[in-house]
Amino acid sequence: MEELAISRSPDQLDELIAQVRSYHPHVDESLIRRAYEYSADMHAEQKRKSGEPYVTHPLNVALIAAQLKVDVLSIVTALLHDVVEDTQASFEEVAGLFGAEVAHLVDSLTKVSKITFSSREEKQAENFRKMIIAMGRDIRVVLIKLADRLHNMRTLESMPRDRQIEISRETLEIYAPIAHRLGIYWLKSELEDNAFRYLNPTAYGTLKSQVAETRTDRELYIAMVIEILSRRLAEADVKAEVTGRPKHFYSINRKMEEEELAFDQIYDLVAFRITVETVRECYEALGVVHANWKPVPGRFKDYIALPKINMYQSLHSTVIGPRGQRMEVQIRTREMHRVAEEGIAAHWSYKETNGGGNDHHADPETERFAWLRRLIEFQQNLKDPQEFLSTVKADLFPEEVFVFTPKGDVLDFPQGSTVIDFAYRIHSQVGHHLVGARVNGRMVPVRYRLNSGDMVEVITSERQGPGKDWLNHVVTARAKSRVRQWLRAQQAQRSRELGISLLNGELEQLGLSVAELRNSRRFDNVLKEFSQREVDGLLAAVGYGLTTPAQVLAKLLTPDELKLYRAEKQPAPASPASKERTAKEALRAAENAVVVSGLGDVMVRFARCCNPLPGEAISGFITRGRGVTVHMVGCPQGLIADPQRRVPVIWKDGDEAPRPIRLEVLCVDQPGLLAAMTKAIASAGVNISTAEVKTTGVDRRAMSIFELLVKNASQLSGVMHSLATIDGVIRVSRLGHLDDRRY
């Protein structure tokens, strides 16, 4: 192995080595130093957007990874994670200097950069798919990726505004939920707060100042509750440590949105934690808490008896504390607290390897990785990376419910899951033929939402199949993907049958049929010309309207047959009226705001399910009798369509005819607020088509729904931001839209 000169030793590198030594006393210090030197040499000419030397990034990523107590090879990988992608370093060189294991980890972290994608969204989805596959082989990959994302979020202020929004959305939708699934709650909270800061800077700044204003009172309240709890626990002979901490900005804001509360109506801004030695003392401490303060109905969770998927254990209870304020209390043992703080790192078992590093592989059969095995299964079944990304997001919901099979097995599901999700978890065929279920002995429909403790027995029928509406009642990625596959298969079958019917109608005059031509293998010679692999695909393309019968027959028939076919198909002279109609149709197609690649002038319509605007990523689908339907990328209704029907579509430059969208504004019911909102909308150059205002009269709230004519996504974002900054406005939401964007 080539020796690298060790000439630089910044304070952060010494700090990194000291941190690793704190949990791994026999660390190979020289290996870490050599990795840093190599990274510094490779990135020597590069700077970050902030102007700092690029090597500060991998060094900080390694420091964060050390907080997760990863092994030495993971620390080395963190220092080298960008060298293959961003410098002249090669996989072979890294393997030669630091070993094959490090080289494979670095390769797993290298983005998909050598493939051409049709959109940034598709590239993002494929990068994430690659990460999930790598996670399945070695969980260390995602730990380093989380450390990388956290440092990027900490230094996001130097990025352009559009990239700040894009990276923050991805962080909130993917990386924070993964950190939650791995049980690394401090990292999850920091990712969420940073994403919130950039996605909604106005709300973040307002909330931060409001929290700061109440800091003194909150600290006094924390001290008072800690004193009371400590005294009462001691009186009950329970040895415990009591602490209190403020809740994070993102969780406070989410509660304000979900419960439609103003800041001054949020009382449980603080969570208290009681740490004891034994499980028995956990329940004794809970008894002390409930004996002194009234518990809030429905707000008790026993994660000790039913641990979360990531092995998190604790008792959670919300009570009415001093001054009549709600407060959350968490009770756990010291070992449970270690698992809650360190997450997956608490489960590592180290063993020395010949290379001086550690083998840091987790047992793939442990229950805490069941969700990861499911993700890997999805990526194997789903060929469309955008659909994969969409279904995975659905499976990363943080809250679970636990239900029982008739045999007594416990299965976990995301909150909101239904009997359909349960059936597909048992087996795909059980899901396909589901007609209903018995829950706790009572008959329920397939859309019934599961609750913790339910005992579920499914009922099936061979004559039953999934319906489109099932997609409105499923939550898990497995169920969504299976339902979509079924619906696509049905669509493809109907289109094949229609394609056969259309071709047979044309072939009838020649005394031929599709079956005859198929048996004589004539179709095999023309499949490549239509970019099809099999005859069924070509027949379905005819049924969809992607290819006309005449185009197929022009390639399929012999010269004599083709001559006879064309003679029979001579069209009658076009009437002036039909010429006029054709001209109008062409003009209408030219006026569309969307350009359809490769199909010439076609009718274009926008899907009402997602209502896309110029500036948002879109995808087109051939629709029988209705031309091309344009969906937003990732729209659930677009995802159920057969990929064969997809056609590339782009927004026409400079053509931004106003399109109708609906906004819902929740606000305080006070004089002058409606006038302020309409003024803000008008100031943005947007017209209001309709406005509807309702007041509750109970909690002094008003709900306004505006239909606006908006030119593009940027203009809409400006309007929503302007409305959100008005004093008294609680929430601004876009209705009838898959993004469910809120301000």
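> Please explain the overall build of the chain as it appears in this structure.
For the chain, the count of helices and strands is 29 helices and 20 strands. Evaluated residue by residue, the chain yields a buried proportion of 50% over its 743 residues. Long-range pairs, those at least 24 residues apart, make up 67% of the contacts in the chain between residues at least 6 apart in sequence.

> Can you help me understand the sheet that holds strand β1 (residues 241–246) in this one?
Neighbouring strands of a sheet are bound in pairs by backbone hydrogen bonds; such pairs are parallel or else antiparallel. One open sheet holds the five strands; their spatial order is β1-β2-β5-β4-β3, and the pairing between them is mixed. Looking at which strands have only one partner, the edges of the open sheet turn out to be β1 and β3 (294–302). Each neighbouring strand pair of the sheet contributes to a mean axis angle of 20 degrees, computed without reference to strand direction. The sheet contacts of helix α15 (residues 279–292) involve β2 (270–276), β3, β4 (315–320) and β5 (326–333), and relative to β5 the element is tilted by about 160 degrees.

> Would you mind going over the packing of helix α2 (residues 29–42) against helix α4 (residues 72–80) with me for this structure?
Helices that pack against each other are described as a pair by the angle of their axes relative to one another and the distance between those axes. Viewed as axis vectors pointing N to C, α2 and α4 meet at an angle of 10 degrees, and their least axial separation amounts to 8 Å. What the angle tells us is that α2 and α4 run roughly parallel. Here Leu31, Ile32, Ala35, Tyr36, Tyr38 and Ser39 of α2 come into contact with α4, specifically with Val72, Leu73, Ile75, Val76, Leu79 and Leu80. Of the residues in the contact of α2 with α4, the class split is eleven nonpolar, one polar and no charged.

> Is there a simple way to explain the confidence of the model for the chain in this structure?
Predicted coordinates in areas of low pLDDT are best not read in detail. When pLDDT is averaged along the chain, the result is 78; 78% of the residues meet or exceed 70. Across the chain, the element-wise mean pLDDT spans from 42 in helix α26 (residues 576–590) up to 94 in α15. A low-confidence stretch, residues 1–9 (pLDDT under 50), is modelled with 20 contacts involving residues beyond four sequence positions or located in other chains. Confidence over residues 348–367 falls short of pLDDT 50; this stretch has 49 contacts with residues more than four positions distant or in other chains.

> In this structure, what is going on with the pairing of strand β8 (residues 434–439)? I would like to understand it.
Looking along a regular strand, one sees the side chains alternate between the two faces of the sheet. With five bridges connecting them, β8 and strand β10 (residues 456–460) associate as antiparallel partners. By the bridge assignment for β10, Val439 is matched with Val456. Relative to strand β9 (residues 442–444), β8 runs antiparallel, the two sharing three bridges. What sits directly across from Arg438, in β9, is Met443. Connecting the antiparallel pair β8 and β9 is a turn made up of two residues, with Asn440 showing a positive phi of about 55 degrees.

> What is the right way to look at helix α29 (residues 713–724) in this model?
Each turn of an α-helix holds 3.6 residues, which means side chains three or four residues apart point in the same direction. With twelve residues, α29 ought to run about 16 Å at 1.5 Å a step, and its terminal C-alpha atoms sit 16 Å apart, in line with that. Regarding α29, the residues found buried are Ala713, Gln715, Leu716, Val719, Met720, Leu723 and Ala724. Of the residues that open α29, the one with a side-chain oxygen 3.2 Å from the backbone nitrogen of Ser714 is Asn712.

> Got a minute to help me understand helix α1 (residues 11–23) in this structure?
For α1, built from 13 residues, the straight-helix expectation of 18 Å at 1.5 Å per residue is met to within 8% by its first-to-last C-alpha distance of 19 Å. Every buried residue of α1 is accounted for by Leu13, Leu16, Ile17, Val20 and Tyr23. For α1, the angular spread of buried residues about the axis comes to 135 degrees, placing them on one side. Those residues of α1 that are exposed and aimed more than 90 degrees away from the buried face are Asp11 and Ser22. Next to the buried residues of α1 lie α2, α3 (56–67) and α4.

> Quick question: what am I supposed to make of unusual backbone geometry here?
For residues besides glycine, phi is generally negative; the peptide bonds are generally trans as well. Residue Lys69 is not a glycine yet carries a positive backbone phi of 60 degrees. With respect to the secondary-structure elements, Lys69 resides in the loop between α3 and α4. Phi angles above zero are rare outside glycine, and Asn440 is one such case at about 55 degrees. Tracing the backbone through its elements, the reader meets Asn440 in the loop between β8 and β9. The class for Asn440 is partly exposed, based on a relative accessible area of 49%.

> How do you make sense of the nonpolar core when you look at a structure like this?
General note: in soluble globular proteins, nonpolar side chains tend to be found buried as a group. Counting 61 residues, the largest nonpolar core has Leu16, Val20, Ile32, Ile75, Leu80, Phe98 and Leu146 as its most contacted members. When residues of this core are assigned to their parent elements, the largest contribution, eight residues, is made by helix α9 (residues 140–154). Residues Tyr221, Val225, Leu286 and Val329 belong to the second largest nonpolar core, which totals 25 residues.

> Would you explain the side chain of Ser481 in this entry?
If you trace the backbone, Ser481 turns up in helix α21 (residues 477–507). Here the side chain of Ser481 touches Arg482 through a polar contact of 3.5 Å, side chain to side chain.

> Where do I start with the sheet that holds strand β19 (residues 701–710) in this structure?
One open sheet accounts for four strands, arranged β18-β19-β17-β20; its pairing is antiparallel. The two strands at the open ends of the sheet, each matched to only one other strand, are β18 (687–695) and β20 (729–734). Strand-to-strand twist across the sheet, computed as the mean angle between neighbouring axes with direction ignored, equals 20 degrees. The pairing of strand β17 (residues 659–668) with β19 spans ten bridges and is classified as antiparallel. Looking across to β19, one finds that Glu664 is bridged to Ile705. Against the sheet, helix α28 (residues 673–683) touches β17, β18, β19 and β20, its axis set at about 20 degrees to β19. The strands touched by α29 within the sheet are β17, β19 and β20, with β20 carrying the most contacts at an inclination of about 160 degrees.

> Would you mind going over the packing of aromatic side chains with me for this structure?
What describes a pair of aromatic rings is the distance from one ring centre to the other and the angle between the planes of the rings. Summed over all chains, the structure comprises eight aromatic pairs. Ring geometry for Tyr38 against Phe98: centres 5.7 Å apart, planes inclined by 65 degrees, an arrangement best described as edge-to-face. Residue Tyr38 is located in helix α2, and its partner Phe98 is located in helix α6 (residues 91–98); the two are separated by 60 residues in the primary sequence. Of the two residues examined, Tyr38 and Phe98, each falls in the buried class. Aromatic side chains Phe196 and Tyr204 sit 5.6 Å apart centroid to centroid with 75 degrees between the ring planes, which places their arrangement in the edge-to-face category. There is no split in this pair, since Phe196 and Tyr204 are both buried. These aromatic residues form a ring-pair network of at least three members: Phe196, Tyr204, Phe249 and Tyr250.

> In this structure, what is going on with the packing of helix α11 (residues 185–199) against helix α12 (residues 201–213)? I would like to understand it.
Here α11 crosses α12 at 120 degrees, and the two axes come no closer than 5 Å. Judged by residue contacts, Asp193, Phe196, Arg197, Tyr198 and Leu199 of α11 engage Pro201, Ala203, Tyr204 and Leu207 from α12. In the contact of α11 with α12, the residues fall into seven nonpolar, no polar and two charged.

What counts, and where the lines are drawn
- What you see as residue numbers is a count from 1 along each chain, following the sequence as written.
- In keeping with the model being predicted, local features are shown solely for residues with a pLDDT of at least 70 and side-chain atom pairs are shown and tallied solely at 80 or more, while totals for entire chains, interfaces and linings include all residues.
- Hydrogens and water are ignored here; the side-chain numbers use all heavy atoms of the structure.
- Helix and strand definitions follow DSSP, with helices as H or I runs of at least four residues and strands as E runs of at least two, each counted in order from the N terminus.
- Relative accessibility thresholds used throughout: buried, under 20% of the residue-type maximum; exposed, over 50%; partly exposed, between the two (1.4 Å probe, protein chains only).
- Working rule for contacts: check all heavy atoms of both residues, and any pair within 4.5 Å makes them a contact.
- Note on pairing: two strands pair once DSSP finds at least 2 bridges between them.
- Orientation is described by axes fitted as lines to C-alpha atoms, over the contacting stretch for helices, and by angles from 0 to 180 degrees between their N-to-C directions.
- By the definition adopted for this analysis, an angle is roughly parallel if under 35 degrees, roughly antiparallel if over 145, roughly perpendicular if from 65 to 115, and oblique otherwise.
- Residues are grouped as follows: nonpolar covers Ala, Val, Leu, Ile, Met, Phe, Trp, Tyr, Cys and Pro; charged covers Asp, Glu, Lys and Arg; every other residue, Gly included, is treated as polar.
- pLDDT expresses, on a scale from 0 to 100, how confident the predictor is about each individual residue.
- In a helix, the anticipated span is given by 1.5 Å times the number of residues less one.
- What qualifies as a polar contact is a pair of N or O atoms within 3.5 Å, subject to a donor-acceptor requirement within protein and to the restriction that residues adjacent in sequence count only when both atoms come from side chains.
- An arc is given here, and it is the one of the directions from the helix axis to the C-beta atoms.
- The set of buried Ala, Val, Leu, Ile, Met, Phe, Trp, Tyr and Cys residues whose side-chain atoms join them within 4.5 Å is what this entry labels a nonpolar core.
- Pairing of aromatic rings covers Phe, Tyr and the six-membered ring of Trp, with a centre-to-centre limit of 6.5 Å; geometry is then stacked below 30 degrees between planes, edge-to-face above 60, and tilted otherwise.

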